[in-house]
Amino acid sequence: VQLQASGGGLVQPGGSLRLSCEASGRTFSSRAMGWFRQAPGKEREFVAAISWGGGSTYYADSVKGRFTISRDNAKATVYLQMNSLKPEDTAVYYCAARNDYSGRYYYTQGEYDYWGQGTLVTVSS
């Protein structure tokens, strides 16, 4: 399984970006997906997660109400819509996948089986 994240870039505080993560393979719909981020000098942290069918989502408190995770299984793609961006959102964002058909979401790194290469988001004026 390969995950290709895209959509990062430079945005002003208060702006928006949408990240995409496209997965290879034919079993995308049976995978729970998540987004994590790593800011300079910090450990990688959880951002958002979604179950295989999209019916369950979960967010870190720091992004709740500003970020939305969604997925399109027909396109084998998961999205992260980021609104009201703050300088502290600056980080490399990674998508991750877990083989799972339970309908659950996962928010710890060790529970994921596959990782993308990351896309840089910089929030600055």
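Before reading further, recall that the structure is shown in the block above.
Let me sum up the structure you'll find in this document.

Procedures and definitions
- Residues numbered from 1 in each chain as written.
- Predicted model: local features only at pLDDT ≥ 70, side-chain atom pairs only at ≥ 80, totals over all residues.
- Heavy atoms only, no water.
- Salt bridge = Lys/Arg side-chain N within 4 Å of Asp/Glu carboxyl O.
- Helix = DSSP H or I, 4+ residues; strand = E, 2+ residues; numbered from the N terminus.
- Buried < 20%, exposed > 50% of the residue type's maximum accessible area, 1.4 Å probe, protein only.
- Pairing = 2+ DSSP bridges.
- Core = buried A, V, L, I, M, F, W, Y, C linked by side-chain atoms within 4.5 Å.
- Contact = heavy atoms within 4.5 Å.

Some remarks on the pattern of salt bridges
As a working rule, side chains carrying opposite charge can pair if their charged atoms are close by.
In step 1: This model, assessed by the stated rule, comprises five salt bridges.
In step 2: The residue Asp89 makes a salt bridge to Arg66 at a minimum N-O spacing of 2.7 Å. Taken together, the residues Asp89 in the loop between strand E8 (77-82) and strand E9 (91-99) and Arg66 in the loop between strand E6 (57-59) and strand E7 (67-72) connect sequence positions 23 residues apart. The pair Asp89 / Arg66 is uniform in exposure class, with both members buried.
In step 3: Ionic pairing is found between Arg98 and Asp100, a salt bridge with its closest N-O pair at 3.5 Å.
In step 4: We classify Asp100 as buried; its relative accessible area is 9%.
In step 5: Among the charged side chains, a network of salt bridges with common partners joins Arg37, Glu45, Arg66 and Asp89.

A few points about the pairing of E7
In step 1: Alternating positions in E7 separate cleanly, Phe67, Ile69 and Arg71 being buried on one face and Thr68, Ser70 and Asp72 remaining unburied on the opposite face.
In step 2: Across six bridges, the pairing between E7 and E8 is antiparallel. Its bridge partner lying in E8, Ile69 is registered against Leu80.
In step 3: Connecting the antiparallel pair E7 and E8 is a turn made up of four residues, with Ala76 showing a positive phi of about 50 degrees.

Details of unusual backbone geometry
Most peptide bonds take the trans form, and the phi angle of most residues other than glycine is negative.
In step 1: You will see that Ala76, though not glycine, has its phi angle at about 50 degrees, which is positive.
In step 2: Within the fold, Ala76 resides in the loop between E7 and E8.
In step 3: Overall, Ala76 belongs to the buried group, its relative accessible area being 12%.
In step 4: The backbone of Ser84 shows a phi angle near 50 degrees, a positive value even though the residue is not glycine.
In step 5: With respect to the helices and strands, Ser84 occurs in the loop between E8 and E9.
In step 6: Under the relative-accessibility criterion, Ser84 is labelled partly exposed at 41%.

Some remarks on the nonpolar core
In step 1: Counting 37 residues, the largest nonpolar core has Trp35, Leu80, Met82 and Tyr93 as the members making the most contacts within it.
In step 2: At the level of secondary structure, the elements contributing two or more residues to this core comprise strand E1 (3-6), strand E3 (17-23), strand E4 (31-38), strand E5 (45-50), E7, E8, E9 and strand E11 (119-123).
In step 3: Apart from residues no more than four positions distant in its own chain, Met82 is found in contact with Gly15, Ser16, Leu17, Leu19, Arg66, Phe67, Tyr93 and Val121.

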